[in-house]
Amino acid sequence: MTNYRKLNNIGGWLVFAISTIVYFLTVEPTASWWDCGEYIATAYKLQVGHPPGAPLFQMIGRFFSLFAFGDVTKVALMINVMSALCSSFTILFLFWTITKLAKKVALINGGEFTQPKMFAVLGSGLVGALAFTFSDSFWFSAVEGEVYAMSSFFTALVFWAILKWEEEADDKYQYRWIILIAYLIGLSIGVHLLNLLAIPAIAYVYYYKKYEPTTKGLIYTGIFSILILAGIMYILVPWIVKMSTLFELLFVNTFGLPFNSGTFVYFALLIGFIVWGIRYTIRRKKVLLNTLMLAFVFILIGYSSFFMLVIRSNANVPIDENSPEEAISMLSYLNREQYGSWPLIHGPYFNAPVIAQENGSAKYFKDKKAGKYTIVGHHIEAEYDPKLTTFFPRMWSDREPRHAQIYKRYMSKGKPVRVVNPDGSTKVLTRPTFADNLRFFFSYQVGHMYLRYFMWNFSGRQNDIESQGEIIHGNWITGIGFIDRMLVGDQDLLPDAYKNEATNTFFLLPLLLGLIGAFYHFIKNSKDTWVVFLLFFMTGLAIVIYLNQYPNQPRERDYAFAGSFYAFAIWIGLGVLGISEFISKYLGSKKMVPVVVSLLSLILVPGIMASEGWDDHDRSGKTAARDFAKNYLGTMAPNSVIYTIGDNDTFPLWYVQEVEDFRTDVRVVNHMLSSGEWYVLQLGKKAYEADPLPFAIPPEKYDKGQNEYVYYYPRPIEGAMDLKTFINFIKSDRPESKLHFPNGDTPNFFPTLKVKLKVDSAACVDNGIVPKELAHLIVDEIEWELKVDGLYKNDLAFLDFVANNDWTRPLYFTNPIVVDQVFDIREYMFLEGSVYRFMPIKNPNYTDELGGVSELASYDILMNKTQWGNLNNPHVTVDRESTRNNLSASQNFWRTARALQHIGENEKAIKLLDKYFEIFPFDKFPLDSDALRFLFVYYQLGAIDQANMVWEELYKRYTQEVEFYLSFGLRKQRFYENQLTSAFSEIQTLSGLAENYEQAELAKKADDFIVEKLKGL
């Protein structure tokens, strides 16, 4: 036994070492896409990230950032290394979890713990732990600065800790493990709530150890465990803060005491209650109650990491999302109120009309002048037509028209329902049947959004292209020909454009070994099987049910289910024990049986997973997110302002400014965030070298409840209204600037849609808004028309800034669409490299096709002043997000080349297009129909060789698509008729182009292919 303990410890640290080396070799050296830039920036300077916050992650991240030793370019690497180490420790505890469970199975019928059994147990741990090491979803999170690696670590640690308690359950100090688990759960809240989903599994371990199982006991334990989970999520986490808000309102608004007095009293009472409760349980020797009190206390101690957010928010740090400075705003922050809610048990279908709106909970504003919290509105709760509501609504989202399009794929004829319009008229809508609702749930939410991800990890992956069920995008595959042909067609014929580094095949081996392990575990120890299954279910399908995801998610969501894949990896490990035992029955208990089985399993499961997955998970050398961010900021004029809209054109910019101290004179403004009063107020303050945005509307009129929506109410006005006058009209408290509603509300409004902006030409030149050589093109004023019926706060703040900037600061956009509805002046937007610059001049070469382009400036930037993340390096993997961000780069290169062609700079245009294909080569960035625009320009410029290369690449893609779809039977060919028609159409377009530019041989090749294939049809 001593030998086993030593080998078990060695084995755990061995898999830790292997996984650490793997993750260190493949870790990204800088910030990644999506939330990573924000997490790294907020960790480095302990700032306030997006709700509901991850303060523990940030504090530990800050500690790891110190190991950059002053080199700010290494801060992101150190925080990524933190994720890698969290992942390695997850593997360590997974190994010890598997060996604990395997040892129990090996000794289930008593008997001696022989060497063969010991080798089988250790082999199980090695195979299961290393299989999870190389699993697709876990590996992805292990090498970037996101919360999911640390969240997985806490899940692994608490699950291992309850198994340690089980070993010592008869010891007088057994409850120390329960207290530790409570503390870890409290800490994990400061990373992610996913860890709480392990509670039901923990509860059953406790039940099985302490009680003789009965049907009633099993049911009660399940109910009790769900109550604990719900209690922490919906009572402890929010109500600790909610009670603080109630005390705060009582003491401030009712008793007239200073701000925060109620909060201090509340926490004093809470601490007093805890002290009294612990002393009471000790005096009365109530061990269980004392343990529960201590568990509660340690959860709170762990949860107290959220005080960091309040402290740092009061320090007015540059990134201070939602500004949770006191209890009331902190509650809003924790409840993620800015993201809205979704139905779970009962709710509307996607086409249900709203028949009434009621006021929900109050919104409070901290009125410092009045010295109290003032109600400035209420959360609106919509009531839907009951004829179009249902139990367990799955087809619910009406956020985008394309959601409805996908829901309709899962609908039968439905049921006609007559509903009443607000004006009293009626209309007939189609109500999905409950069977349609369930079909969407099982096919899309379970099948597409969970089982597909599960099979990516344990069967194989077609590619990393986002999918809504297309046969060529992001499906799971096996690598076994006849199975794949039945599922998604002949993968040997899949066009090269749809094959990339993420194309992995595991031949079902991890899946089969896991299923063997699950079956073997159930036969041998049904209790532990149920515990592992609960972990598997709660971190998998339970999340699917809770999230109730709508279609067209902005990215794949497999990272959320890593806990479920962790549980399955336990069964992969136990499969080794099961196979070893089965073979030993026939060959006898020989030492070499488990050794050979373990070695073969290592080669065939984690070995194949590692070899297949290495290329798509190796991020070493890739710096795309950072470089794209520097491309945005690097060439902007000093003291500029840039408006962004999404995560990937905002968070990387925050990272390079906050961490690498790059271009901190530029003010980055996320237009979507400025719909929050907290963000507008922050924009009115200086940040680093960037001056405040000049607003004419005072801060109190941007506060919560003020000017949330400014109505358009037309008044007779001759011509366009000056934008400053327009803003001053909305700002005014005069009666003529107010609407008067029957309920007594008097909101401001705006009287016209036509506005104009007067131009100070001298200021434009002096402040670098317009280059001197273009000064003669400056117009006297710019006139446009708003395309809205009202202004939300972010649109109002934007127009306020434009009106009062007084031509002092250059204005840029990552994309003009950011403010298109209120600033429809495309002819004054000039592309400069990666950004669009607003200048009060009309480009004489402006066209609707190209928009405005600063031709020579953009050429110089794209040719000489940009970096693209080493994506053309053969040793650097192109991730999917970099591919998607390439779309904007592609457009920028093409537009600049086309503009150069318009002014006769043909040689420069050719060089620029050549540069694009050097940076984004065919083999890494497959061409699609958008590349036709490159083809046109190449041919028009006389660059025939380059044009023909692009032509051949496109021809290869679309002929391969035709071959792929024609490989199906006639029935499926009809199903994919649109795709076939589209591919044939693209080939026909290529033929016409070749013929137009006297490339007869190419045209004939395309025509012959079409004729040959159409004959077959």
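Counting from 1, residues in each chain are numbered in the order their sequence is written. The predicted nature of this model means local features are confined to residues of pLDDT at least 70 and side-chain atom pairs, given and counted, to a pLDDT of 80 or more, with totals for whole chains, interfaces and linings taken over all residues. Hydrogens and water molecules were not included; the side-chain quantities draw on all heavy atoms of the structure.

A. Representation of the pattern of salt bridges. Salt bridges are identified by distance alone: a Lys or Arg side-chain nitrogen within 4 Å of an Asp or Glu carboxyl oxygen. Inspection of every chain in the model, using the stated rule, returns 42 salt bridges. As a salt-bridge pair, Lys100 and Glu167 come within 2.7 Å of each other at their nearest N and O atoms. With Lys100 in helix 4 (residues 75-106) and Glu167 in helix 7 (residues 148-167), the pair connects residues that are 67 residues apart, well separated along the chain. To sort residues, take the accessible area from a 1.4 Å probe on protein chains only and compare it with the maximum for the residue type: under 20% means buried, over 50% means exposed, and anything in between is partly exposed. Of the residues examined, Lys100 reaches a relative accessible area of 15% and is grouped as buried. Between Arg663 and Asp665 there is a salt bridge, with the nearest N and O atoms lying 2.9 Å from each other. Comparing Arg663 with Asp665, the two get one shared label, buried. One network of salt bridges, with partners in common, ties together Glu28, Glu144, Arg619, Lys622 and Asp879. Only DSSP runs of H or I covering at least 4 residues are called helices, and only runs of E covering at least 2 are called strands; the numbering of each starts at the N terminus.

B. Seen up close, the nonpolar core. In this structure, Phe726, Phe823 and Phe838 are the most contacted members of the largest nonpolar core, which totals 251 residues. Among the elements that make up this core, the one with the highest residue count is helix 4 (20 residues). If we skip the residues at most four places from it in the chain, Phe823 touches Trp784, Phe798, Val802, Phe813, Met829 and Phe838. To form a nonpolar core, buried Ala, Val, Leu, Ile, Met, Phe, Trp, Tyr and Cys residues must be joined to one another through side-chain atoms within 4.5 Å. Among the nonpolar cores identified, the runner-up in size contains 68 residues, and Phe922, Leu932, Val937 and Leu980 belong to it. When checking whether two residues touch, look at their non-hydrogen atoms; a contact exists if any pair is within 4.5 Å.

C. Focus on the sheet that holds strand 13 (residues 749-750). Any two strands between which DSSP finds at least two bridges are classified as paired. Here we have three strands laid out as an open sheet, ordered 13-11-16, and mixed in their pairing. Both outer strands of the open sheet, strand 13 and strand 16 (790-792), are each paired with one neighbouring strand and no more. In terms of strand pairing, strand 11 (residues 709-712) meets strand 16 through three bridges, oriented antiparallel. Within strand 16, the position partnered with Val710 by the bridge is Leu791. Fitted lines through C-alpha atoms give the axes, limited to the stretch in contact for helices. The angle between two N-to-C directions lies from 0 to 180 degrees. The strands touched by helix 28 (residues 793-804) are strand 11 and strand 16; relative to strand 16, the strand with the most contacts, the crossing angle is about 90°.

D. A look at unusual backbone geometry. For the bond running from Pro51 to Pro52, omega is 0°, close enough to zero to count as cis. Looking at where Pro52 falls in the secondary structure, it is placed in the loop between helix 2 (36-44) and helix 3 (55-65). Notably, Arg663 is not glycine yet its phi reads approximately 50°, a positive angle. Following the sequence through the fold, Arg663 ends up in the loop between helix 24 (651-658) and strand 10 (667-670). Its identity is not glycine, yet Asp806 carries a phi of approximately 55°, on the positive side. Within the secondary structure, Asp806 is located in the loop between helix 28 and strand 17 (811-813).

E. Region of the structure containing the sheet that holds strand 18 (residues 829-832). On the basis of which strands lie adjacent, the open sheet formed by six strands has the order 10-9-17-19-18-20 and mixed pairing. With one partner strand each, in any of the chains shown, strand 10 and strand 20 (852-853) form the two edges of the open sheet. Summarising the sheet, strand 18 and strand 20 pair through two bridges and their orientation is parallel. For Leu831, the partnering residue across the bridge sits in strand 20 and is Val853.

F. Spatial organisation of helix 21 (residues 562-587). End to end, helix 21 covers 38 Å across 26 residues, agreeing with the expected 38 Å (1.5 Å per residue, within 8%). Of all 26 residues that make up helix 21, 19 are buried, and the element is covered over most of its length. Each helix should span, by expectation, one fewer than its residue count multiplied by 1.5 Å.

G. Examining helix 3 more closely. Burial in helix 3 covers these residues: Pro55, Leu56, Phe57, Gln58, Gly61, Phe64 and Ser65. Contacts made by the buried residues of helix 3 are with helix 2, helix 4, helix 7, helix 8 (175-189) and helix 13 (307-314).

H. Spatial organisation of the packing of aromatic side chains. Only the six-membered ring of Trp is used, alongside the rings of Phe and Tyr, when aromatic pairs are assigned; centres must lie within 6.5 Å, and planes under 30 degrees apart are stacked while those over 60 apart are edge-to-face, with the rest tilted. Tallied over the entire structure, the rule returns 105 aromatic pairs. A ring pair is formed by Trp13 and Phe16, whose centres lie 5.3 Å apart and whose planes are at 80°; its orientation type is edge-to-face. Within this pair, Trp13 and its partner Phe16 are both found in helix 1 (residues 2-26), separated by three residues, close to a single helical turn. Assessed through its relative accessible area of 14%, Phe16 is described here as buried.

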